[in-house]
Amino acid sequence: MAPILQRHDMAMSAIAAYDGGMRDIETILVLTGAGISAESGLATFRGPDGLWEGHRVEEICTPQALARNPALVQNFYDMRRAALARVVPNAAHHALARLDAEWPGELLIVTQNVDDLHERAGARRMLHMHGELKSALCRECGGRVRWEGTLADGPACPLCGGKGGLRPDIVFFGEMPYQMERIEEALAGADLFVSIGTSGAVYPAAGFVQTARYHGAQTLELNLDPSAGSHFFHESRVGPAGLLVPEWVGDMLGDRVTDAG
Ligand code: OAD
């Protein structure tokens, strides 16, 4: 037990140095976006061609698109769900899972991603604000069920037996993200807000940095390019998540202090 306590004490002093001693950091809120999964081989939403796997996001991610062309939308998400079997978590997911396991204070990882790479890396203190590929939502009974297979073939809902009512459990444009109350609470209580691999193009997540700052948090961005809201952060580090996230987590957990000692 003693070495663990010592390790955390050292972590705390490293953190105090990081935030300039303005406020001790105990409570961390991490926001992740598609960029954290890019090095695992999953396409981001707004690539250089502005397309997501050949489609404009709005063509696929709206309730109107689902009503207009259910086969296109259901097949698209069936393919994304199947693709999860061909990818694995990368160094950034593993580093956040390590932070989750070892950080002695409060931590919440809020992901906009619908893949399951955070949890496959071992993260537990996390939530999916935009839904999950491996979940289906029943339009008849409103239930959410774990889902591994396809939806385009109109399977019956295991909860109510309704046929053809299941859709991807994904928050489409115009729909309310999940667990906003819990997220707002975490933003208000965070000492440090860290945004990883997100373009800052989609609200409400794009506004989290301002809310966290308003409540007095230190704010840090880790992204391949400066995001749309980069100027709102106290600090922006530019580079691949697979490099920046393990480095940052190592600093938080006192690796450098430990190495020097
Ligand atoms: P975007 O595709 O908009 O942005 C991805 C960000 O990750 C960009 O700023 C890239 O520069 C950055 N990036 C790419 N590769 C990276 C790497 N290896 N390391 C670090 N950063 C990297 O994705 P999101 O911001 O997540 O919503 O998009 C937000 C929401 O828009 C998504 O959750 C999705 C979409 O509509 C829903 O599906 C509901």
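Residues numbered from 1 in each chain as written. Predicted model: local features only at pLDDT ≥ 70, side-chain atom pairs only at ≥ 80, totals over all residues. Heavy atoms only, no water.

Going by what an unreviewed UniProt entry lists, the chain is known as NAD-dependent protein deacylase and is assigned to Edaphosphingomonas haloaromaticamans. UniProt, in the comment section headed Subcellular location (unreviewed entry), describes the chain in these words: "Cytoplasm". Under the UniProt heading Function (unreviewed entry), the note attached to the chain is "NAD-dependent lysine deacetylase and desuccinylase that specifically removes acetyl and succinyl groups on target proteins. Modulates the activities of several proteins which are inactive in their acylated form." (UniProt positions renumbered as here; feature names shortened; annotations may be inferred.)

A.B. asks: How should I be thinking about the pairing of strand E2 (residues 107–111) in this particular structure?
C.D. replies: Taken residue by residue, a regular strand's side chains alternate between the two faces of the sheet. Of all five residues that make up E2, five are buried, and the element is covered over most of its length. Burial along E2 is two-sided: the face carrying Leu107, Ile109 and Thr111 and the face carrying Leu108 and Val110 are both buried. Two elements, strand E1 (residues 28–32) and E2, share five bridges in a ladder whose sense is parallel. Bridge assignment links Leu31 to a residue of E2, and that residue is Val110. Of the pairings in the sheet, the one linking E2 to strand E3 (residues 126–128) comprises three bridges and is parallel in character. Among the inter-strand pairings, Thr111 is bridged to a residue of E3, identified as His128. (Buried < 20%, exposed > 50% of the residue type's maximum accessible area, 1.4 Å probe, protein only. Helix = DSSP H or I, 4+ residues; strand = E, 2+ residues; numbered from the N terminus. Pairing = 2+ DSSP bridges.)

A.B. asks: For this particular structure, what's the right way to read the pattern of salt bridges?
C.D. replies: Pairs can form between side chains of opposite charge once their charged atoms are near each other. Inspection of every chain in the model, using the stated rule, returns 13 salt bridges. Asp78 serves as the salt-bridge partner of Arg81, at 2.8 Å between the closest nitrogen and oxygen. In this pair, Arg81 and Asp78 are both assigned in helix H5 (residues 70–83), three residues apart and thus about one turn of the helix distant. In this structure, Arg81 and Asp78 share a single accessibility class: buried. Arg144 is the partner of Asp169 in a salt bridge, and the nearest nitrogen-oxygen pair spans 2.6 Å. Taken as a pair, Asp169 in strand E6 (residues 166–170) and Arg144 in strand E5 (residues 144–146) lie far apart in primary sequence, 25 residues in all. Assessed through its relative accessible area of 0%, Asp169 is described here as buried. The exposure class of Arg144 is partly exposed, given its relative accessible area of 40%. A network of salt bridges, in which partner residues are shared, links Asp116, Arg120, Lys134 and Glu148. (Salt bridge = Lys/Arg side-chain N within 4 Å of Asp/Glu carboxyl O.)

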